[in-house]
Amino acid sequence: MSSCAQTFGHFCRLIVYIVVSDSADSVRLPDPTSQYVGPLSMIQRCLFLLLLFCSSEFRVAVADGKSSELPRDKRPNVLFIAVDDLACALGCFGDVIAKTPNIDRLAETGVCFERAYNQLPLCNPTRASVMTGLRPDQIKVYDLDRHFRDELPDVVTLPQAFQKAGYFAARVGKIYHYNVPASIGTNGLDDPPSWNRTVNPKGRDKTDESLVFNAEPHRNISGSLSWLAADGTDEEQTDGMIASEAIKIMQEKKDEPFFLGVGFFRPHTPYVAPKKYFDLFPPDQLKLPFAPENDRDDIPTAAFAHNCPIPNYNLDQTMLLTATQAYYACVSFVDAQVGRLLRSLDELGISDNTIVVFWSDHGYHLGEHNGVWQKRTLFEQGARAPMIIRSPRRTGNGTCRRIVEFVDIYPTLTDLAGIESPAGLAGRSLRPLLNDPLTEWNGFAVTQILRPTDDRLSESVMGCSIRTERYRFTQWGEGRHGVELYDHHADPGEFHNLAIKPDADAIRVMKQLEPMLQSRASGLTPSTPFNPKRL
């Protein structure tokens, strides 16, 4: 029963008591505006209690963010901003290179989840997991091809839950998986039931693809280190057009509750952004990440992604620093588009009634561990990803260092909006942390990735990793293809694998973490279909 219904029950019982009480005439109710309390008639008392009940319940409803207690035009909107392949390369996450003033301001007015972890660091599985609120082992999506409805045809997605509550749900750009850049301008691997409207802009980054420089010509620009310092304005690029189209929808729907998914394609390869953003990051002022010379000696082979088996793709430092420049340029370009969205909320006067969620689908490597690039790893840089939530009706803001997961996004948003969630969601609402980022949480996160059979691995191998406040523990093929244990208190760079020649403390920790890990990811190679070439 809701708190409102319970309170109403108490109110009714009190009214009955007043009516039937032999001493009803002697009941006195305090008036906080007066020092005098005189006798009231029974009718006056009942009316007073009714007014008190209604006003207090309204205040509770507003404070608690329950849209069911609010008129339709006061339900909180949701601006759901997804960014493709964005590492924690943001000023608000402590990156000293990044220039991201708009996202940083969002973090200052909301809660910046500094330790948020995705469920599978690959575009299709992680997005399917976020949008269904379920883990990869539940939806059976591990590659870039399979749709979650192949396994769960009737699952209710996050925007569907909002539609059921009377919201208008729209998508502009990439929310579900797209092949980038090939599918830009199409629906990609979309989910039609999720949306009332979809918009698929296509900018000059598509028509200018022939101008893209590819540092690895033997590979497609979709997966290689490739970039273009583009001519023209922000608004001519696909991501600039996405921001423009999203603003149009906000203008159109500002007077009714909306769930608006806005998905930016950068900084996914190829790294394309207007030239002015490249100018912010001179390569001679950049450095590659530090790692000990022997860092790879204690890391299992399976830990390195099959699409990056050779350190740094055998590219020289000048090329790598130019790629780093291009990546950060794209991040600043996307930041500018996020700024346009946030300014539009202010200009439309709906910021105070709009929940803003900012997230990336997974982490991303820029040369860590002596040459790991892009995604598909269970290291901290691959599993951890940006997440910021600003809810106007929550009291907390600032940085939250509690361990949270991306499957928490779904139940958080339905909870904040006061709408019904489907049963069986894998995560839990982050409302307590939005009220107080320092509150006790006791969370841990599980991330997994599937490796194909290749010249390095004799079989397909599922890797599963658990992150607690202190440790990261990873098993490859249930331990047959390697084990990793890192103590983040002493080794935040994950340079010293304690699972190699473990001492008694390391053995104890691994025994404690193993059942926790297996409670959220089995570690088994899936029996359901997957495409080895698309893992």
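The structure under discussion appears in the preceding block.
Cut-off values and rules
- Residues numbered from 1 in each chain as written.
- Predicted model: local features only at pLDDT ≥ 70, side-chain atom pairs only at ≥ 80, totals over all residues.
- Heavy atoms only, no water.
- Helix = DSSP H or I, 4+ residues; strand = E, 2+ residues; numbered from the N terminus.
- Buried < 20%, exposed > 50% of the residue type's maximum accessible area, 1.4 Å probe, protein only.
- Contact = heavy atoms within 4.5 Å.
- Areas by Shrake-Rupley, 256 points an atom, 1.4 Å probe, with all protein chains shown as cover.
- Expected span 1.5 Å × (residues − 1).
- Polar contact = N/O pair within 3.5 Å; in protein donor to acceptor, adjacent residues only side chain to side chain.
- Core = buried A, V, L, I, M, F, W, Y, C linked by side-chain atoms within 4.5 Å.
- Salt bridge = Lys/Arg side-chain N within 4 Å of Asp/Glu carboxyl O.
- Pairing = 2+ DSSP bridges.
- Axes fitted to C-alpha atoms, helices over the stretch in contact; angles between N-to-C directions.

(A) Highlighting the overall build of the chain. When helices and strands are counted, the chain shows 15 helices and 19 strands. Here the chain holds 535 residues, and 59% of them are scored as buried. Across the chain, every contact between residues at least 6 apart in sequence was considered, and the portion connecting residues at least 24 apart equals 73%. Just so you have it, the chain exposes about 21800 Å², and 53% of that area is on carbon and sulfur atoms.

(B) Helix 15 (residues 504–518), seen in detail. Along its 15 residues, helix 15 runs 22 Å from first to last C-alpha, staying within 8% of the 21 Å computed at 1.5 Å per residue. On its buried side, helix 15 packs onto strand 16 (445–451), strand 17 (461–467), strand 18 (471–476) and strand 19 (483–487). At the N-terminal boundary of helix 15, the capping side chain belongs to Asp503, with an oxygen 3.2 Å from the backbone nitrogen of Asp505.

(C) Quick peek at the nonpolar core. Counting residues in each nonpolar core, the largest one holds 66 residues, and the members touching the most others are Leu225, Leu260, Phe264, Leu341 and Phe358. Residues in contact with Phe358, not counting those within four places in the same chain, are Ile81, Val83, Leu86, Leu90, Ile103, Leu106, Val338, Pro386, Met387 and Ile388.

(D) Structural detail: unusual backbone geometry. Backbone torsion omega between Val180 and Pro181 reads 5 degrees, so that peptide bond is classified as cis. Look at the link from Thr269 to Pro270: it is a cis peptide, with omega at -5 degrees. Although it is not a glycine, Asn314 adopts a positive phi angle of roughly 65 degrees. Its location among the elements puts Asn314 in the loop between helix 9 (275–278) and helix 10 (317–348). Taking the relative accessible area as the measure of exposure, Asn314 reaches 63% and is therefore exposed. A positive phi angle, near 55 degrees, is found at Lys501, a position not held by glycine.

(E) The pattern of salt bridges, seen in detail. Using the criterion set out here, one finds 32 salt bridges in the structure. For Arg146, the salt bridge is made with Glu151, and the minimal N-O distance between the two is 3.6 Å. On the accessibility criterion, Arg146 (11% relative accessible area) is buried. One salt bridge in this structure joins Glu252 and Arg197, with 2.9 Å as the shortest N-O distance. Residue Glu252 is located in helix 8 (residues 238–253), and its partner Arg197 is located in strand 5 (residues 197–199); the two are separated by 55 residues in the primary sequence. Taking the relative accessible area as the measure of exposure, Glu252 reaches 43% and is therefore partly exposed. Residue Arg197 is classed as partly exposed on the basis of its relative accessible area, which comes to 29%.

(F) Geometry of the pairing of strand 13 (residues 387–390). Alternating positions in strand 13 separate into two faces, Met387 and Ile389 on one and Ile388 and Arg390 on the other, with burial throughout. In the sheet, strand 2 (residues 111–113) pairs with strand 13 via two bridges, with the strands oriented antiparallel. Considered in strand 13, the bridge of Val111 is made with Ile389. Of the strand pairs in this sheet, strand 10 (residues 354–360) and strand 13 are connected by four bridges, and their pairing is antiparallel. Opposite Phe358, over in strand 13, you have Ile388 as the bridge partner.

(G) Representation of the sheet that holds strand 9 (residues 271–274) within the structure. Pairing is mixed in the open sheet, where three strands are placed in the order 6-7-9. The sheet terminates laterally at strand 6 (213–214) and strand 9, the two strands that pair on one side only. In terms of strand pairing, strand 7 (residues 226–230) meets strand 9 through four bridges, oriented parallel. What sits directly across from Ala230, in strand 9, is Pro274. Sheet contacts for helix 10: strand 6, strand 7 and strand 9; angle to strand 9, the most-contacted strand, approximately 55 degrees.

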